[in-house]
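Below are the chains, spelled out letter by letter.
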Amino acid sequence: MFIYLSKKIAIPNNIHLRCVSWNKDQGFIACGGDDGLLRVLKLDPQTDDAKVKGLAAPSNLSMNQTLEGHSVQVVTWNEQHQKLTTSDQNGLIIVWMLYKGSWYEEMINNRNKSVVRSMSWNADGQKICIVYEDGAVIVGSVDGNRIWGKELKGIQLAHVSWSPDSKTLLYGMANGEVHIYDNQGNFIVKMTVGCLNNVNGAISIAGIHWYSGAQGYVEPDCPCLAICFHNGRCQIMRYENDENPVNIDTLMNVVSIQWNQSGSVLAVGGSLRASVSQKEVNVVQFYTPFGEHLRTLKVPGKQMTAVAWEGAGLRIGLAVDSYIYFANIRPDYKWGYCSSTVVYAYTKPERQEYCVVFWDTKNNEKFVKYVKSLLSITASGDFCILATRADESHPQEDTEIESGSHARYVLVLTLTSDAFYTWQYRVAKKLTAVEINQVTRTKKEGRQRLYHIDNVQSGAVESAGGLGSAKAFTATRDPICCITATDKALLVGRESGTVHRYSLPHIALVQKYTLNNRAYHLSLNCNSSRLAVIDVSGVLTLLDVEARDSGPTGDPSKFERKDVWDMKWANDNPDLFAMMEKTRMYVFRNLDPEEPIQTSGYICNFEDLEIKSVLLDEVMKDPERPNKDYLITFEIRSLRDSRALIEKVGIKDASQFIEDNPHPRLWRLLAEAALQQLDLKRAEQAFVHCKDYQGIELVKRLANLQSEAMKQAEVAAYFSRFEEAERMYLDMDRRDLAISLRIKLGDWFRVLQLLTAGSGDSEDALQEQAHNAIGDYFADRQKWLNAVQYYLQGRNQERLAECYYMLEDYDGLERLTVSLPENHKLLPDIGQMFVTVGMCEQAVSAYLRCNQPKAAVDACVHLNQWNNAVELAKNHNMKEIKSLLAKYASHLLEKNKTLEAVELYRKAHHFLDAAKLMFMIANQEAKKKSRPLRVKKLYVLAALLANNHHQQVKTSQHTKARGTKSEATSALDGLLEEEATQADQCVVDSAWRGAQAFHLFLLAQRQVMDGHTEDAVQTALHLRDYEDIIPAVEIYSLLAVCSAAARAFATCSRAFIKLESLESLDSEQRQLYEDLALEIFTKYSPKDGCTLELHSTPEGTDVKFPTCMVTGRPIQELQFWTCSVCRHYALEQEISKYNFCPLCHTSLS
């Protein structure tokens, strides 16, 4: 940063100032002092001219109001509510408000006991804390109500500050202590002040300022709380209990401190300690939040009393004696300029990263990138470098990183203040394969190297692989402070004032130069012969680093300019440069200055006798919306004079002037003027001088034209007056040339208008091209609906498919598939589009139309449509589908995704494999004693899959035998084949056993709960046939319960006998059953109290009656109901009450 005094305002009658405060939002300045002084001032610029915006705009007092009432000692602003709060030596507090352009008293408070020492509004302006010298504390609201008050006994208060979140208050005591309280006035802890170690004597606090974070932080976890003492010791903390604060000894007597608007610079105002023979000097020191010293500003006068920042951070106000001094500040923005793009970074309060904006000034478009721990930005040519901190554990001096590159394909940057790193690189898009291999080889040979600044002999310490070497990062007594480079030389400045010059690309120390002061900015001219140096005090000097004739170019040793904060060499002239001196830009040719230009812009580029400058101060006021008005182009005097000569005197005399002061830009200016007048001979000579081959070709083309109107049209097109050129072509009835012009410009909308206005079949192809180009225009901007309309007219099926896909118009994509001829090259791409959105049927159709059945099968497999995949594989005689199916199923089983494997087999119509897996799942759930209803459902599903397999085999055999055998023979063959090929016949034969077992198990329990105990006993008796599925202990326990409830104690007794004989029970469980049986049968004799149909088989026969699935009773009637799916039975009068089969749940309708 650079700072200089710019303005001084005197207070009448030499009244001594005590305080000053600058309203950061509205720009009002309040100053208070002796003899009842209280004034409110405001500085406003006089002009709205874009070129002199910012600091360059002259400013005068737009308000100078004296407020009567008291001699102010403390003044503070409430910026959110536009209120001014002041206090005098008697403790009188007045709150002022702005009304119709003037300030008036709004509220008054007078405690009449003690004097107010400090006041502070919180971050949102809702509360104010007032501390009195006698220890009284008052917290009030913005509307004047008292929130709470407290008397701190035996304490003298001097300062107060709110935390950014308004939860904590810091009180500075008169004895130098800092106490921490909560926002209700409760004491928390005494702050540890480490900066006062080894300090003796009386100590007092000069200022406490806690930055609120309103504009974000320069780094995550950045110090923001500054506490400074009158003896010059300062402590900067991250939070109130920070155990590792940044300690600074300013070596001055401090009177006031304040953060700037973004918390990036701390201003410390006071006086330098002087020896006995010298008087004290007023100074303002500027520091970063990490304690790095930036600048020192000397201020005239006897005694400084206060410091106040402007809201934008570009000016600072200083109260000295009876004057207010204003100093302008040129911040060190993180920015660069490359390829017509301004790159700049700023912070946001809601994000920890820097927001880096790439502002394309040609198209006025911006692109945003968020970068964490950004250290520096620099640019050269077409490239921009962002330097970031890779490891947050690095020492703090890494913030001194500066990066610079003015060399093509060579990057040089300082990693720390002790070492620098070089990387010789190339752009891959410009390399051939052979060159890429060469780059790879040279990279291994060490094109990336690290150098320690003290290793002046060999220079190299490590190659790219050894960047962490302890030797490379050894501390030096003379750190690096700045750096610059061209394609020939690298110059490194050190804090002692020494500058090292190295050769590039092979780093070798060539020479050392000694300067009078520490360099702040270095810059080499375009041929690396002269070095410009701006030192820390803003003095610009020049130094010849290569031998050259000093004749007309002047003696650089005698050149010196003060208050310089920016400079830029011309890219095409080694003796031409521009520099910024305060608020003026000077252009020097051969060390002779031109008349200054008033501006505050940062110089972007100096080329072709034009200087591009950007008003970064204005850009940073609203960084999210940069304005092209903030990019200004200045012409230097020779260009302005040549233009004036051409306009006023004529081409002939101007030509003589340009020959005396040759420059390619001036010759081009002359050539353009000659073209305007169709002076082709002089235009050609001028184009030859500026080596413009395209211009020479244009002149030759014009010479071959016979029509003057045609020549005028070509010249108008050359000067980008395209509307005029088109009108001329149309007036000559040369619509074809007008169309050709618009095609070259890429203005396809106008091309289409011109084509539509004409007629002719020969233009159909051109119309298609125009429609497709306009479609591309809308597609590039993701306006797919508009693009579709033009692609349809341009018959561009490929881009049409892409638009349909982006619009999710799959019906349109399907129509396009049907309209395309078979084996069209676009069909595979459309098929892939359908696959990505899960539309299997449409994808298969697209692949089959282009004769790619393998891709169709792969699509089905990818979308898990295995039945379609198997069917396609069979239809196209593909054998690998079965192995793929088995492989995928085993993969699912390995991951315990058994149900997914079942679904896989089911979709692929491998019902038997699916049934086996389903039976396995059901058996596992039964063993885990899961809910019986869930187990039944699993068995039902397994049985249904087995039924599907049985039906599949029958259908397959019936289809094969149709027409050759009788139906009976075909059915018999199907059954025989099923029996022969079935891996596990029992799976099909006993498919419904598990479902039937758990159905009866559930039915018996439901019956006994509903009071149908006899039916429950009958149902439970059937369960004796399913001991292989349901554990015997559960079967006979249920039978015992049901029979006891039905008073069938004989059946109950047999159930207990069976339970007591089970080997699966341990002795303790068996004893419990015996005790329960003894308790029951001592009361009741083992006889059945009811008549039960205990057997479903009549006596004396082997016939077994079927079981009713509704009641559990045997069916002895001749007519009964049979399920069409599970083939189980029920009584007709019972099933009539149901809508679904009780076992398999098939709908009866």
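The coordinates are above.
Residues numbered from 1 in each chain as written. Predicted model: local features only at pLDDT ≥ 70, side-chain atom pairs only at ≥ 80, totals over all residues. Heavy atoms only, no water.

1. Describing the overall build of the protein
Point 1. Across its full length, the protein carries 31 helices and 57 strands.
Point 2. Sorting the 1149 residues of the protein into buried and exposed places 50% on the buried side.
Point 3. Intrachain contacts of the protein at a sequence separation of at least 6 include 45% that bridge at least 24 residues.
Point 4. When the accessible surface of the protein is totalled, it reaches about 56,600 Å², and 47% of it is carbon and sulfur. (Helix = DSSP H or I, 4+ residues; strand = E, 2+ residues; numbered from the N terminus. Buried < 20%, exposed > 50% of the residue type's maximum accessible area, 1.4 Å probe, protein only. Contact = heavy atoms within 4.5 Å. Areas by Shrake-Rupley, 256 points an atom, 1.4 Å probe, with all protein chains shown as cover.)

2. Structural notes on the state of the cysteines
Point 1. All told, the structure shown has zero disulfides when counted by the stated rule.
Point 2. Free cysteine: Cys1123, not disulfide-bonded; nearest cysteine sulfur from Cys1144 at 3.5 Å.
Point 3. By relative accessible area, which is 1% here, Cys1123 ends up buried. (Disulfide = S-S within 2.5 Å.)

3. A word on helix H14 (residues 797-807)
Point 1. Buried within H14 we find Leu800, Ala801, Cys803 and Tyr804. For H14, the buried positions fall inside an angular range of 165° around the axis, keeping them on one side.
Point 2. Looking at the buried positions of H14, the neighbouring elements they touch are helix H13 (784-794), helix H15 (810-819) and helix H16 (827-836). (Arc of directions from axis to C-beta.)

4. Notes on the packing of aromatic side chains
Point 1. Within this structure, the stated rule accounts for 33 aromatic pairs.
Point 2. Ring geometry for Tyr171 against Tyr181: centres 4.8 Å apart, planes inclined by 50°, an arrangement best described as tilted. Taken together, the positions of Tyr171 in strand S15 (residues 168-173) and Tyr181 in strand S16 (residues 178-182) put the pair 10 residues apart, joining distant regions of the chain. Of the two residues, Tyr171 and Tyr181, both sit in the buried class.
Point 3. Note on Tyr718 and Phe719: the rings are 5.2 Å apart at their centroids and 80° apart in plane angle, and the pair reads as edge-to-face.
Point 4. Here a set of aromatic residues connected by ring pairs shows up, and it is made of Phe559, Trp569, Phe577, Tyr586 and Phe588.
Point 5. The ring of Trp565 has Arg330 sitting right over it, with the charged end atom 4.4 Å from the ring centre. (Phe/Tyr/Trp six-rings, centres within 6.5 Å; stacked < 30°, edge-to-face > 60°. Lys NZ or Arg CZ within 6 Å of the ring centre and 35° of its normal.)

5. Let's talk about the pairing of strand S9 (residues 102-110)
Note on strand geometry: in a regular strand, side chains alternate between the two faces of the sheet.
Point 1. Sheet analysis places strand S8 (residues 92-99) next to S9, joined by eight bridges and oriented antiparallel. Of the residues in S9, the one forming a bridge with Trp96 is Glu105. (Pairing = 2+ DSSP bridges.)

6. As for the pairing of strand S28 (residues 323-330)
Point 1. Extensive coverage of S28 is indicated by the burial of seven of its eight residues.
Point 2. Bridge analysis of strand S1 (residues 2-10) against S28 gives eight bridges, and the strand direction is antiparallel. Across the sheet, Lys7 pairs through a bridge with Phe326, a residue of S28.
Point 3. Note: strand S27 (residues 315-320) against S28, six bridges, orientation antiparallel. By the bridge assignment, Ala319 is partnered in S28 with Ile324.
Point 4. The turn linking S27 back onto S28 is made up of two residues, and Asp321 within it adopts a positive phi angle of 55°.

7. Structural notes on the nonpolar core
Point 1. Ranked by size, the top nonpolar core spans 127 residues in total, and within it Tyr939 and Trp992 carry the most contacts.
Point 2. A per-element tally of this core places helix H22 (residues 911-927) first, with 10 residues.
Point 3. Those residues in contact with Trp992 that sit more than four places away from it in its chain are Val940, Ala943, Leu944, Asn947, Cys1126, His1128, Leu1143 and Cys1144.
Point 4. In terms of nonpolar packing, the next biggest core, distinct from the first, is built from 60 residues, Leu314, Trp335, Val699 and Phe719 among them. (Core = buried A, V, L, I, M, F, W, Y, C linked by side-chain atoms within 4.5 Å.)

8. Remarks on the pattern of salt bridges
Point 1. Under the definition given, this model contains 45 salt bridges.
Point 2. Arg494 is paired through a salt bridge with Asp478; the nearest N and O atoms lie 3.6 Å apart. Highlighted residues: Arg494 in strand S41 (residues 489-494) and Asp478 in the loop between strand S39 (460-463) and strand S40 (480-485), separated in sequence by 16 residues. Both residues of the pair, Arg494 and Asp478, count as buried. (Salt bridge = Lys/Arg side-chain N within 4 Å of Asp/Glu carboxyl O.)

9. Observations concerning unusual backbone geometry
Point 1. The phi angle at Ser339 is positive, at roughly 50°, despite the residue not being glycine.
Point 2. For Ser339, a relative accessible area of 40% gives the class partly exposed.
Point 3. Of note, the phi angle at Asn364 is positive, near 55°, even though the residue is not glycine.
Point 4. Note that Asn364 resides in the loop between strand S31 (354-360) and strand S32 (365-371).

10. Side note on the sheet that holds strand S24 (residues 281-287)
Point 1. One open sheet accounts for four strands, arranged S22-S23-S24-S25; its pairing is antiparallel. Among the strands making up the open sheet, the edge pair consists of strand S22 (252-259) and strand S25 (293-299). The mean angle between the axes of side-by-side strands here comes to 20°, regardless of whether they run parallel or antiparallel.
Point 2. Relative to strand S23 (residues 266-272), S22 runs antiparallel, the two sharing seven bridges. By the bridge assignment, Trp259 is partnered in S23 with Leu266. (Axes fitted to C-alpha atoms, helices over the stretch in contact; angles between N-to-C directions.)

11. Side note on the sheet that holds strand S53 (residues 602-607)
Point 1. Spatial ordering of the open sheet is given by S53-S54-S55, a layout of three strands whose pairing is antiparallel. Looking at the sheet topology across the chains shown, the edges are occupied by S53 and strand S55 (631-635). Each neighbouring strand pair of the sheet contributes to a mean axis angle of 25°, computed without reference to strand direction.
Point 2. Two strands pair when backbone bridges link them, and strand S54 (residues 610-614) and S55 are joined in this way by five bridges, in the antiparallel orientation. Counterpart to Lys612 in the pairing with S55 is Thr633.

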